[in-house]
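# Reading the structure
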Amino acid sequence: MGLVTPIVGVANYLVENPWILALLFLLYCFIYALSIMFSGPKPGRNPFSTKHVRPAKPVITDQSLRNKILKQRFKAQKVPDNIDTIVIGSGMSGLSTAVILGRAGYKVLVLEQHDQAGGCCHTFIDKGFEFDTGIHYIGKMMDGDMTRVLTDQMTEGQVTWCPMDPEFDIVAIGDPEKARKYTMLSGGKDKFAKHLEEYFPSEKVAIGKLMKALEEGKGAFWGVLIPKILPLWLSKIAIKTGIYHLVMRKFIKMSTKTFRSFLDDITDNEEFKAVIGYIFGDMGVVPSELSVLTYSTLINHYIPGAYYPVGGSSEIAFQMIPIIERYGGRVLVDAPISEILVNDKGRAHGVRVRRNNVDTDLFARRIISSAGVINTFKYLLPQEIAVKSPLHRYITEIGPSIGCLTTFVGIDGNSAELGLPKANMWAFLNVDYERDLEEYKNLTPDEASERECPLMFLSFPSAKDPTWEEKFPGKSVVLLITLCPWEWFKSWENGRVKHRGDDYNTIKERIGRQMWRQCEQLFPAVEGRLEYMDVGTPLSNKYYLGQPEGEMYGMNHSMNRFDPELSMYLRPQTGIPGLYLTGQDVLTASFSGAMHSGLLTASAILHRNLFNDLIALTKETRKLNKDPAAKKTD
Ligand SMILES: Cc1cc2nc3c(=O)[nH]c(=O)nc-3n(C[C@H](O)[C@H](O)[C@H](O)COP(=O)(O)OP(=O)(O)OC[C@H]3O[C@@H](n4cnc5c(N)ncnc54)[C@H](O)[C@@H]3O)c2cc1C
Ligand SMILES: *[C@@H]1O[C@H](CO)[C@@H](O)[C@H](O)[C@H]1NC(C)=O
């Protein structure tokens, strides 16, 4: 009796709480999977070491020296012998994968279609002004943070990170001449919450609920990662049997609820909702189409503090390329891939570079595409092979994210004297910006050019970069960005870049002028100081970033984007032997998402869980930060 009772008790308890069994089962699967992962092919060597990080040298501002690294034009003779890996695309994800694989002993060739390396991290200089394209702020760059530790491995510590203003984002609502302004304060959750309470004292309870959701969101992104890390068959079992949903309840709850409905649950205050939801533009989907999970991942990224790379975002590729070269690799630009070559055994074994109607075929043991899932499966792979992939159906089901229209403005006067902030501004005309945007999207570009722009993101790279004044004394730049549907400019798609015709130029410039007028109202100090203006449309994104419909963030980050089944298929392994994926589609848009996708892809190739290596390295780095004398360098 004495023994049986507790056993029966435990058995009863298990019957009443089946999730415990499920949890045990999943745990077992997980351990089993890990053992398989590491008992398969011999894992590659650990590419990480605190020794790779050296004190940063001063930023090189000589443009011709920079171009020697960033603009190495493709020529077949420049391809090193014995390349074993070809990466398509030189954005953060492609370069990250290449650096890690290089350190693990691989010889990697990165091929970029644009005339300079960097993808969304590239900058361009025109008439004495330098402009960023896709990096305005990056979170988690404090010393000792895991993301920073990984970034330092990628750049050997040669990119330094300048903190932006503690008020990293400014939200402006209403008529630009007398907009109501709110700032987002970094420095941790408590500061952030207290600062919000100062604007909205009556929303204390709602703010508390928001903070609780953000706290829950912290670990929840593992729900996206785990189905990619586990072997496909195991992820399938866990998801199909419902075990995954049971164990990952918190993740499921957050990824299936829209942020808009969360806000509606916690308050009726529309001004408050508008202010809190402001950051949706970073993912390109409005709060009623954005999950609580995506929202919290995003805002949690910036709450500790926002940073900007010293020297501008081109520093990132500029520092990573020499590392890839040191390990025998190369990064060549002006090398558009027209096709991934697949042999008769169904193995991806090469790429075709097509320039001025001359084809060059290059072969390697493995091909990694960072050009995005839509590019890879719709345009680069032979279609008879692409349609067999489970990812193929998501190309239409999820589709691309929205495009953007960017007005690049060069200003006479330095940022400090003009009072330009080391921060971004999100300017909305109304509290109901969702309705405004829907209306705006449905206008023709002609009509839009006569309206005020309902959402404008303002970024001031010249204020954020401490080396700017030395490079461009007495000048400033501002980028004015709004969301813009592909359809607006689609009809000019077949024109040549810079020669798409007067009507194209006139319309985009009229929209640009309108945005500039709103900028002058928001920042009266810049009034009448415009020296340079150019406007980029989704067609520019297509041309410079290789995105088929000018999309900003790869695939659409709508509600179904983090569905477990899709997450499972959006993994480095494509099911096509020899072909891997990396990039924002594999994880999520953002600098950090792209970099971590490189980690994921290199893990798959090296048969090594690099996330574990990174966790160990982070611990070691934190110890060294406390006791720098213990550090050995090589
Ligand atoms: C306007 C804008 C603002 C942003 N702001 C921020 C921000 O402030 N903070 C942040 O963290 N993130 C921001 N992002 C997102 C972030 O920049 C991206 O998510 C990330 O850099 C994507 O990296 P990636 O390597 O996946 O893709 P990319 O950087 O796009 O790299 C892919 C590369 O592949 C190349 N390519 C495509 N097709 C081919 C082909 N056929 N042959 C050869 N090469 C090809 C492309 O030219 C490109 O260089 C922003 C994005 C945009 C567009
Ligand atoms: C992204 O998905 C949302 C929700 O399904 C949809 O409303 C939006 O139009 C999509 N974006 C694009 C550019 O297709």
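Residues numbered from 1 in each chain as written. Chains lettered and ligands numbered in written order. Predicted model: local features only at pLDDT ≥ 70, side-chain atom pairs only at ≥ 80, totals over all residues. Heavy atoms only, no water.

If you check the shell around ligand 1, you find 34 residues, and the closest are S93, E112, H136, Q584 and S590. Within the side chain of E112, one N or O atom sits 2.5 Å away from an oxygen atom of ligand 1. Contact between ligand 1 and C120: an oxygen atom at 2.9 Å from a main-chain N or O atom of the residue. Burial of ligand 1 by the protein amounts to 95% of the accessible area it has alone, namely 1000 Å². Of all the secondary-structure elements, those providing two or more residues to the shell around ligand 1 are helix 4 (92–103), helix 16 (373–380), helix 25 (538–545) and helix 27 (591–606). (Near = heavy atom within 4 Å. Polar contact = N/O pair within 3.5 Å; in protein donor to acceptor, adjacent residues only side chain to side chain. Areas by Shrake-Rupley, 256 points an atom, 1.4 Å probe, with all protein chains shown as cover. Helix = DSSP H or I, 4+ residues; strand = E, 2+ residues; numbered from the N terminus.)

Once that is clear, we can look at the site of ligand 2. Residues in close proximity to ligand 2 include E289, P400, S401, I402, N556 and S558, which together make up its full environment. The side chain of N556 places a nitrogen or oxygen atom 2.3 Å from an oxygen atom of ligand 2. Coverage of ligand 2 by the protein chains reaches 54% of its 360 Å² of free accessible surface. Within the shell around ligand 2, the residues separate by chemical class into two nonpolar, three polar and one charged. (Nonpolar A, V, L, I, M, F, W, Y, C, P; charged D, E, K, R; others polar.)

What follows covers the side chain of S449. Examined against the element boundaries, S449 turns out to sit in the loop between helix 21 (445–448) and strand 17 (455–459). Among the polar contacts listed, one links the side chain of S449 to the backbone oxygen of D446, at a separation of 2.7 Å. In this structure, S449 is in contact with I507, R510, I511 and Q514, ignoring residues within four places of it in sequence. (Contact = heavy atoms within 4.5 Å.)

With that settled, the discussion passes to the nonpolar core. Judged by nonpolar contacts, the single largest core of 168 residues is most densely connected at L111 and F591. For this core, the element with the most residues is helix 27, which contributes eight residues. For F591, the contacting residues outside a window of four places in its chain are M92, C121, I135, I138, M141, T151, W161 and I316. Residues A448, A463, W486 and L539 belong to the second largest nonpolar core, which totals 38 residues. (Core = buried A, V, L, I, M, F, W, Y, C linked by side-chain atoms within 4.5 Å. Buried < 20%, exposed > 50% of the residue type's maximum accessible area, 1.4 Å probe, protein only.)

Further remarks concern the environment of D62. Within the secondary structure, D62 sits in the loop between helix 2 (18–39) and helix 3 (63–70). C-alpha of D62 to C-alpha of I323: the two residues are 261 residues apart in sequence and 20 Å apart in space. Side-chain polar atoms of D62 contact the side chain of S64, separated by 2.8 Å.

A word on the sheet that holds strand 20 (residues 579–581). Pairing within the open sheet is parallel, and its five strands lie in the order 10-2-1-14-20. A strand with exactly one partner marks an edge of an open sheet, and here the two such strands are strand 10 (330–332) and strand 20. The average angle at which neighbouring strand axes cross in this sheet is 20°, direction not considered. Relative to strand 14 (residues 366–369), strand 1 (residues 85–88) is paired through four bridges, and the arrangement is parallel. Within strand 14, the residue paired with I86 across the bridge is I367. (Pairing = 2+ DSSP bridges. Axes fitted to C-alpha atoms, helices over the stretch in contact; angles between N-to-C directions.)

Below, the discussion takes up the packing of aromatic side chains. Between two aromatic rings, the relevant description is the distance of the centres plus the angle of the planes. Inspection of the entire model under this criterion finds 31 aromatic pairs. With a centroid separation of 5.8 Å and 20° between ring planes, the pair formed by F259 and F262 is classed as stacked. Taken together, the residues F259 and F262, both in helix 12 (residues 259–266) and three residues apart, mark about one turn of the helix. For the residue pair F259 and F262, the accessibility class agrees, reading buried in each case. (Phe/Tyr/Trp six-rings, centres within 6.5 Å; stacked < 30°, edge-to-face > 60°.)

So, on to the domain arrangement of the chain. Domain parsing of the chain yields domain 1 (4–39) and domain 2 (50–76 + 85–156 + 310–389 + 575–630). For domain 1 and domain 2, the distance between their C-alpha centroids amounts to 40 Å. (Domains from an automatic or database assignment.)

Right, let's get into unusual backbone geometry. With a phi angle near 70°, K498 is a residue other than glycine that sits in the positive phi range. Its location among the elements puts K498 in the loop between strand 18 (475–484) and helix 24 (502–522). A relative accessible area of 61% means that K498 is categorised as exposed. Here S590, not a glycine, exhibits a phi torsion of approximately 120°, which is positive. One can find S590 in the loop between strand 20 and helix 27.

Bringing a nonpolar patch on the surface into the picture now. On the surface, W19, L23 and L246 cluster together into a nonpolar patch covering about 250 Å² of accessible area. Note on placement: W19 falls in helix 2. (Patch = residues over 30% accessible without salt bridge, like charges linked within 9 Å, V, L, I, M, F, W, Y side chains within 5 Å. Salt bridge = Lys/Arg side-chain N within 4 Å of Asp/Glu carboxyl O.)

What follows is about the pattern of salt bridges. Tallied over the full model, the rule gives 33 salt bridges. Between D436 and R435 there is a salt bridge whose closest N-O contact spans 3.4 Å. Residue R435 is classed as partly exposed on the basis of its relative accessible area, which comes to 45%.

Time to look at the packing of helix 27 against helix 28 (residues 610–626). The contact between helix 27 and helix 28 brings their axes to 9 Å, and the two run at 120°. The orientation of helix 27 with respect to helix 28, classified from their angle, is oblique. Contact with helix 27, carried on its side by H596, L599, L600, A602, S603 and L606, involves L610, F611 and L614 of helix 28 and no other residues of that element. Taken together, the residues of the contact of helix 27 with helix 28 break down into seven nonpolar, two polar and no charged. (Parallel < 35°, antiparallel > 145°, perpendicular 65-115°, else oblique.)

On to the packing of helix 7 (residues 204–220) against helix 12, then. The description of two packed helices rests on the angle between their axes and on the distance between the axes. Put simply, helix 7 and helix 12 touch, their axes get as near as 9 Å, and they point 145° apart. Relative to helix 12, helix 7 is oriented so that their crossing is right-handed. Where helix 7 abuts helix 12, its residues A206, K209, L210 and A213 lie against F259, F262 and I266. A breakdown of the residues in the contact of helix 7 with helix 12 according to their chemical character gives six nonpolar, no polar and one charged. (Left-handed = near helix turned anticlockwise from the far one by under 90°.)

Below, the discussion takes up the sheet that holds strand 12 (residues 348–355). The antiparallel open sheet is built from three strands, whose spatial order is 11-12-13. Where the open sheet ends on each side, the last strands, each with one partner, are strand 11 (337–342) and strand 13 (358–363). This sheet shows a mean twist of 25° between the axes of neighbouring strands, independent of strand direction. Examined bridge by bridge, strand 11 and strand 12 share five bridges and lie antiparallel to one another. Along strand 12, the bridge assignment pairs L341 with G350.

Moving on, we come to the side chain of E156. As for its placement among the helices and strands, E156 is situated in the loop between helix 5 (146–155) and strand 6 (161–163). Owing to a relative accessible area of 4%, E156 belongs among the buried residues under this scheme. Only 3.2 Å separates the side chain of E156 from the side chain of R103, close enough to count as a polar contact. Within the local environment of E156, its side chain forms a polar contact with the side chain of R326, the two groups lying 2.8 Å apart. Contact partners of E156, with chain neighbours within four places excluded, come to H52, V53, R54, R103, I323 and R326.

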